[in-house]
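# Summary of structural features
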Amino acid sequence: MANAALEHHNCTQFEKAIIELAPGICGAVGFAASCVYMIEGAKSVTIVDTSESTRAAENILAEFRQRTDKPVGRIIYTHSHRDHISGASVFAPDGNVPILASSSFSSDLVGVDMATIAPNKALGRRTQAQFGIGLSDAERISLGCGPGNRPMQGLGAGYLPPTQSIATDCDIDLDGVAARLIMAPGETSDHMVVFLPGTRVLFGGDNWYHAFPNLYAIRGTPYRDFAAWAQTLGMLAELGAEILAPGHTRPVFGAGNVCEVLTTTRDAIIHVMRQTASMMDQGLSMDDIAASIQLPQELAQKPWLGEFYGRIDWSARAFAAGTLGWYDGNPTHLGTLSSQQRATHLAQLAGGAQALMQAATSTEDLQWRLELCDHLLALDAPAHHSQARLLKADAMEALAEDEINATARNTYLWAAKLLRQVPGDPEQGETA
Ligand SMILES: [Zn+2]
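Residues numbered from 1 in each chain as written. Predicted model: local features only at pLDDT ≥ 70, side-chain atom pairs only at ≥ 80, totals over all residues.

## Re the overall build of the protein chain
Helix and strand counts for the protein chain come out as 15 helices and 13 strands. Since a compact globule built from 432 residues should have a radius of gyration of about 22 Å, the 23 Å found for the protein chain is in line with a globular shape. Counting only C-alpha atoms, the protein chain reaches 80 × 45 × 45 Å along its principal axes. Of all 432 residues assigned to the protein chain, the portion counted as buried reaches 47%. (Helix = DSSP H or I, 4+ residues; strand = E, 2+ residues; numbered from the N terminus. Rg over C-alpha atoms; globule rule 2.2 N^0.38 Å. Buried ≥ 20, exposed ≤ 12 C-beta atoms within 10 Å, placed from the backbone.)

## Concerning helix H13 (residues 366-378)
Spanning 13 residues, H13 covers 18 Å between terminal C-alpha atoms, matching the ideal 18 Å at 1.5 Å per step. Along H13, the residues that are buried comprise Arg369, Leu372, Cys373, His375, Leu376, Leu377 and Ala378. Where the residues of H13 are buried, they touch helix H11 (339-350), helix H12 (353-362) and helix H14 (385-402). (Expected span 1.5 Å × (residues − 1). Contact = placed C-beta atoms within 7 Å.)

## Considerations on the packing of helix H5 (residues 120-130) against helix H15 (residues 406-421)
Packed helices, taken two at a time, are described by the angle their axes make and the gap between the axes. Running from amino to carboxyl end, H5 crosses H15 at an angle of 110°, the nearest separation of the two axes being 7 Å. When the axes of H5 and H15 are compared, the pair comes out roughly perpendicular. The residues of H15 that touch H5, namely those facing Gln128, Ala129 and Gln130, are Thr407, Asn410, Thr411, Trp414 and Ala415. Looking at the contact of H5 with H15, its residues break down into three nonpolar, five polar and no charged. (Axes fitted to C-alpha atoms, helices over the stretch in contact; angles between N-to-C directions. Parallel < 35°, antiparallel > 145°, perpendicular 65-115°, else oblique. Nonpolar A, V, L, I, M, F, W, Y, C, P; charged D, E, K, R; others polar.)

## What to know about the domain arrangement of the protein chain
Once the domains are mapped, the protein chain shows domain 1 (4-265) and domain 2 (336-428). Summarising the inter-unit geometry, the C-alpha centres of domain 1 and domain 2 are found 37 Å apart. Across the contact, 16 residues belong to domain 1 and 11 residues belong to domain 2. Elements with a minimum of two residues in the side of domain 1 that touches domain 2: helix H1 (4-13) and H5. Sort the elements by how many residues they give to the side of domain 1 that touches domain 2 and H5 lands first, with four residues. (Domains from an automatic or database assignment.)

## Topic: the packing of H13 against H14
Interhelical geometry of H13 versus H14 gives an angle of 155° and a closest axis separation of 9 Å. Between H13 and H14, the crossing angle belongs to the class labelled roughly antiparallel. Viewed along their axes, H13 and H14 form a crossing whose handedness is left-handed. Residue-level inspection shows Leu366, Arg369, Leu370, Cys373, Leu376 and Leu377 of H13 in contact with H14, the latter providing His385, Ala388, Leu391, Lys392, Ala395, Ala398 and Leu399. Counted by class, the contact of H13 with H14 contains 10 nonpolar, one polar and two charged residues. (Left-handed = near helix turned anticlockwise from the far one by under 90°.)

## What to know about the sheet that holds strand E5 (residues 72-76)
Judged by pairing direction, the sheet is mixed, and its seven strands sit side by side in the order E1-E2-E3-E4-E5-E6-E7 without closing on themselves. Two strands lie at the open edges of the sheet, namely strand E1 (17-22) and strand E7 (164-166), each paired on one side alone. Between one strand axis and the next, the sheet turns through 25° on average, direction left out of account. Where E1 meets strand E2 (residues 25-29), five bridges bridge the pair, whose relative direction is antiparallel. The residue bridging isoleucine 18 from the neighbouring strand is alanine 28, located in E2. (Pairing = 2+ DSSP bridges.)

## Regarding the environment of glutamine 13
Relative to the helices and strands, glutamine 13 is located in helix H1. Note on glutamine 13: 24 C-beta atoms within 10 Å, which makes it buried. In this structure, the C-alpha to C-alpha distance between glutamine 13 and arginine 250, residues 237 residues apart in sequence, is 5.6 Å. For glutamine 13, the residues in contact, after removing those within four places along its chain, are His210, Thr249 and Arg250.

## Looking at the nonpolar core
If you look at the biggest cluster of nonpolar residues, it comprises 92 residues, and the most contacted ones within it are Ile75, Phe91, Val193, Phe195, Val201, Leu202 and Leu244. Ignoring anything within four residues of it in the chain, the contact list for valine 193 reads Thr78, Ile182, Ala184, Leu202, Phe203, Gly204, Gly205, Asn207 and Leu236. If you look at the next biggest cluster of nonpolar residues, it comprises 27 residues, including Ala343, Ala395, Ala415 and Leu418. (Core = buried A, V, L, I, M, F, W, Y, C linked by C-beta atoms within 7 Å.)

## A few points about the pairing of strand E12 (residues 243-246)
Neither face of E12 is open: one carries Ile243 and Ala245, the other Leu244 and Pro246, and all of them are buried. Sheet topology places strand E11 (residues 201-205) next to E12; four bridges connect them, and they run parallel. Residue pairing across strands places valine 201 opposite isoleucine 243, the latter belonging to E12. With two bridges joining them, E12 and strand E13 (residues 252-253) adopt antiparallel strand pairing. Bridge pairing links isoleucine 243 to phenylalanine 253 in E13. Between E12 and E13, which pair antiparallel and follow one another directly, the connecting turn spans five residues, one of which, threonine 249, has a positive phi of 70°.

## Examining the sheet that holds E13
Sheet architecture is open: six strands sit in the order E8-E9-E10-E11-E12-E13, paired in mixed fashion. Only two strands of the sheet have a single partner each, and these edge strands are strand E8 (170-174) and E13. In terms of strand pairing, strand E10 (residues 192-196) meets E11 through three bridges, oriented antiparallel. The residue bridging phenylalanine 195 from the neighbouring strand is leucine 202, located in E11.

Set out below in structure tokens:
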């Protein structure tokens, strides 16, 4: 079972298709986690982004070859996320095709540019969970930004580094097609979008897709600059594009529609910033902010602001942490109880570990059940651990069925599977 809105999003946004944007310009949607675009020039084509695997890139190139056999003249990366740069070698098999990217390219590629000391094992584990690596196609129905069911052969294998760094906005010629490259910090700080003034097609990278923006990715990301992203969306709206070709999900046609999706997404980000700041100013706890924040009705009803990929409560937490850091202003949190100390106190209050187990089993509040299971697993009471693991797995699977957010769904199911397979909680780092 899966959330009906998430299933609908997956069916409507990620159905495999080659979509013509304008004469000589088309995009491949649903072949991979991300979209790949082709712009036909006089004697060559330009490829915008390359997907996440060599197999997906091969499938896409085969489709493009049915339209033209002109050679690939250049590749443009909109940003450095791996799902956009890992099929390049398929489009440039000899490695001698110019590859253009922003001069700040890769600044957000966690694990590559990061300092040597970094939680890379944690990042790897959480990335697997977010994308549901190892789940069946029936379980992993969606990535939120792409179809769950897609080829995985050659995942991450076809990356080629950029050969031309673009430092500022500039006009370039794509073999007879005029284009403007525009620095557009948003989901990443190294975003560079492509605008074709002739056909008014805008290749926006991941600064917009048909889902609430992933202002925080639960695999783990540095702070994404909310203000810069909102500002960029406003700037893109003013370009007057007729067609928006996003890095994920289907294109948007019509100047009015393009303007509306960009400005309302900008407004949603600004709303989260304002609301979070206001509640922080009032001294609310982070849990109370996350539990209560929502979009105003006029934004909440926009289909493209559904929380299929990003989530509003996570965004509020990210904004709080990104602006004032981890401390929430409550002096209680200046000190720390270990998980075991806290669980021991709670078990004493409840009347012992068995009573805590009884409470976890009988409550109908699944979130509360998860929290009680965590306390049981933290207790020095191994006799209860096996039952607590199964109880936690059951609760996560039940939550996954209703969850509209694909990354949360995948993470619940991934973690539940691990809990059933081996002793230990994946979030405690005992396994995987
Ligand atoms: Zn992407």
